[in-house]
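Reading the structure
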Amino acid sequence: MNLEEKLSPVVKNLAPSGIRRFFDLVNQKPNAISLGVGEPDFVTPWHVREACVAALERGMTTYTSNQGMPELIREIASYLNRRFSLNYDEQEILVTFGASEAIDLALRALVAAGDEVLIPEPCYVSYTPCVQLAGGKPVPVPTYAQYGFKLRAEELEKAITPRSKVLILCYPNNPTGAIMRREDLEPIAALVKKHGLLVISDEIYAELTYQGRHTSIGSLPGMKEHVILVSGFSKAFAMTGWRIGYTAAPLPILSGMLKIHQYTALCAPITSQMAALEAVKNGLQECEAMVSQYDRRRRLVVKAFQDMGLKCHDPQGAFYVFPSIESTGLDAHTFAEQLLEEEEVAVVPGDVFGPSGTGHIRCSYATSIERLGEALTRIERFVNRKRQLLPKRSLG
Amino acid sequence: MSEHLQHEILSLLKENSRLETEKIAHMLGESKEKVEQIIQELEKTGIIVKYGAVINWQKSEKPKVSALIDVKVAPQRGYGFDALARRIYRFPEVRSVYLMSGAYDLSVELEVDSMEAVGRFVTEKLATLDSVMGTTTHFVMKKYKEDGVILDDPEKDERLVITP
């Protein structure tokens, strides 16, 4: 019996993650410095871990309500209000297995066969497969280095058709580090309203915004009813492995998502909910301390790339820089593979995140200053070597 | 001078006093000259007292012996505890001296080469001082954390090498 034939065609045809192959390559180099890691290098703050241990000791090992623990939901509502001027009632919030589950829930709750989902790219690798699994049609929308990889209304409007239903936004962005300020969001919001679209706004990196506060698209006038906010604790509070996130949306949509969640997940783990409660109540100070460390590294890395002569827009969010490596004469995959082979530094080729990432590499600065400094020295040596191999341009 | 910038520089140097001025400037988005000038002022005003290293002596060839000594004092008229504290802190083997509330008065931290040296210091130097009424010596058996740095079993980077 050919078991592969038994897989549903959607799953069978799902493209494998472009990161996977590269992951295997890097794994063969145990001493490599990896700038390929998409998670904080900080361990979850101790008071958060301690709160989880205390909850276990008290015997908190049961299911919670499908929606999540009421106290946690209250705290999330208050946090969203204080930090991002968002007004959600408690019944408009759902606690999930990380932001990942929330994205899947939102897509499955909204997308019917043939519905088009607009996805600005380069972007996080899960959106397209999740749309396909939900039966929708992913429609990539390009963004460009010359505009700092911000989504522009011009490109978005070109991609909108009568079948367009959902727009997925992810700002601050993985992999580019781009952010959308209020004035960048306003024309997008206008298009969303004009075409009656819904926005799944993945704001997992919201706290990691430098030089000013993150603007949530749902806080713009008249936008709340268009927005499904997706976020979590992974990046802001260094809690990736806890798998704990949340989503907030107008009640009819949230109820649809809750229906799927209750049948497929039941509830997020109680231990992680207890830890999240401690984080959101008492963790902001440590979050801010981590953000200020990221900011220092960010400046250091951007400066280093610029000094190497690699074009690099100023990434004002998340913990990624996304320099262009075209001046080395290599494509991003060759660059990444040779850099790993020759200098033992791992970066991720940009086109893994979408065609607009071609010619770029994603470097995560969620790594200690010492290791970052060493990695940058090696990259510089590599870049200089490759440049010398380039045919000399005549000066005319 | 912006207080914020001063604070940022201090926290970077506290973490790593060997960090180059140029690197600090890049990290804070300031000019090298400005950072240089602020550091000089911090040194001049005594906010930066000195640059040192956090050392795990337990790992070195010649480990040091540390002891914490509780000192009960009969304060002198007109001087309080200060006069005695000054006599104690001038000994180079004394790492720190604190005036404490509670069961005793001065807490003295000693770092020397041997247990005998601790004994000699307490019996010959400390206990013989006029206003010292009594001492209790506690030897440090193992240091887990020193000056904000965890010395034993640091948390390893358990992350996967590449994640989306």
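Under an unreviewed UniProt entry, chain B has the name DNA-binding transcriptional regulator, Lrp family and belongs to Lihuaxuella thermophila.

Taking an unreviewed UniProt entry as the reference, chain A is identified by name as Aminotransferase belonging to Lihuaxuella thermophila. Of chain A, the UniProt comment under Sequence similarities (unreviewed entry) reads exactly: "Belongs to the class-I pyridoxal-phosphate-dependent aminotransferase family."

Attention now moves to the pairing of strand β3 (residues 106–112) of chain B. Residue and element names in this part refer to chain B. Burial analysis of β3 places 7 of its 7 residues in the buried class, the great majority of the element. Alternating residues of β3 divide into L106, V108, L110 and V112 and S107, E109 and E111, and every residue in both groups is buried. Examined bridge by bridge, strand β1 (residues 65–73) and β3 share 7 bridges and lie antiparallel to one another. Paired with V65 across the strands is V112, a residue of β3. Where strand β2 (residues 94–99) and β3 come together, 5 bridges link them in antiparallel fashion. Bridging from a neighbouring strand, S96 pairs with E109 of β3.

The next point concerns unusual backbone geometry. With omega at -5 degrees, the peptide bond leading from Y171 of chain A into P172 of chain A counts as cis. Note on placement: P172 of chain A falls in the loop between β5 (164–169) and α9 (182–194). Of the consecutive residues N174 of chain A and P175 of chain A, the connecting peptide bond is found in the cis state with omega at 20 degrees. Mapped onto the elements of the fold, P175 of chain A is located in the loop between β5 and α9. A positive phi angle, near 50 degrees, is found at D147 of chain B, a position not held by glycine.

Take the environment of V347 of chain A next. Looking at the secondary structure, you find V347 of chain A in the loop between β10 (345–346) and β11 (348–349). Leave out the neighbours within four places in its chain, and V347 of chain A touches F22, L35, A336, L339, I361, R362 and C363 of chain A.

On to a nonpolar patch on the surface, then. The grouping of L7, V10, V11 and L133 of chain A at the surface amounts to a nonpolar patch, some 310 Å² of accessible area in total. Considering the arrangement of structural elements, one finds V11 of chain A in helix α2 (residues 9–13).

With that settled, consider the domain arrangement of chain B. What the domain assignment lists for chain B is domain 1 (3–44) and domain 2 (57–146). The C-alpha centroid of domain 2 of chain B is placed 34 Å from the C-alpha centroid of domain 1 of chain B.

We now examine helix α11 (residues 270–282) of chain A. The end-to-end C-alpha distance of α11 of chain A, which contains 13 residues, comes to 18 Å, matching closely the 18 Å that a straight helix rising 1.5 Å per residue would cover. Buried positions along α11 of chain A lie against α4 (46–57), α5 (70–84), β2 (93–96) and α12 (284–308) of chain A.

Take the domain arrangement of chain A next. All names here are of chain A. Each assigned domain of chain A is listed here: domain 1 (8–44 + 285–385) and domain 2 (46–282). A straight line from the C-alpha centre of domain 1 to that of domain 2 covers 24 Å. The interface is formed by 37 residues belonging to domain 1 together with 40 residues belonging to domain 2. A combined buried area of about 3100 Å² lies between domain 1 and domain 2, and 59% of that area is made up of carbon and sulfur atoms. Counting the surface domain 1 buries against domain 2, the share from its top three residues, T44, Q316 and F353, is 23%. In this structure, the connection of domain 1 to domain 2 is made through 21 residue pairs in polar contact (both at pLDDT 80 or more). In terms of residue count, the dominant contributor to the side of domain 1 that touches domain 2 is α12 (9 residues).

About the thresholds
Residues numbered from 1 in each chain as written. Chains lettered and ligands numbered in written order. Predicted model: local features only at pLDDT ≥ 70, side-chain atom pairs only at ≥ 80, totals over all residues. Heavy atoms only, no water. UniProt positions renumbered as here; feature names shortened; annotations may be inferred. Buried < 20%, exposed > 50% of the residue type's maximum accessible area, 1.4 Å probe, protein only. Helix = DSSP H or I, 4+ residues; strand = E, 2+ residues; numbered from the N terminus. Pairing = 2+ DSSP bridges. Contact = heavy atoms within 4.5 Å. Patch = residues over 30% accessible without salt bridge, like charges linked within 9 Å, V, L, I, M, F, W, Y side chains within 5 Å. Areas by Shrake-Rupley, 256 points an atom, 1.4 Å probe, with all protein chains shown as cover. Salt bridge = Lys/Arg side-chain N within 4 Å of Asp/Glu carboxyl O. Domains from an automatic or database assignment. Expected span 1.5 Å × (residues − 1). Buried area = accessible area lost by both parts, 1.4 Å probe. Polar contact = N/O pair within 3.5 Å; in protein donor to acceptor, adjacent residues only side chain to side chain.

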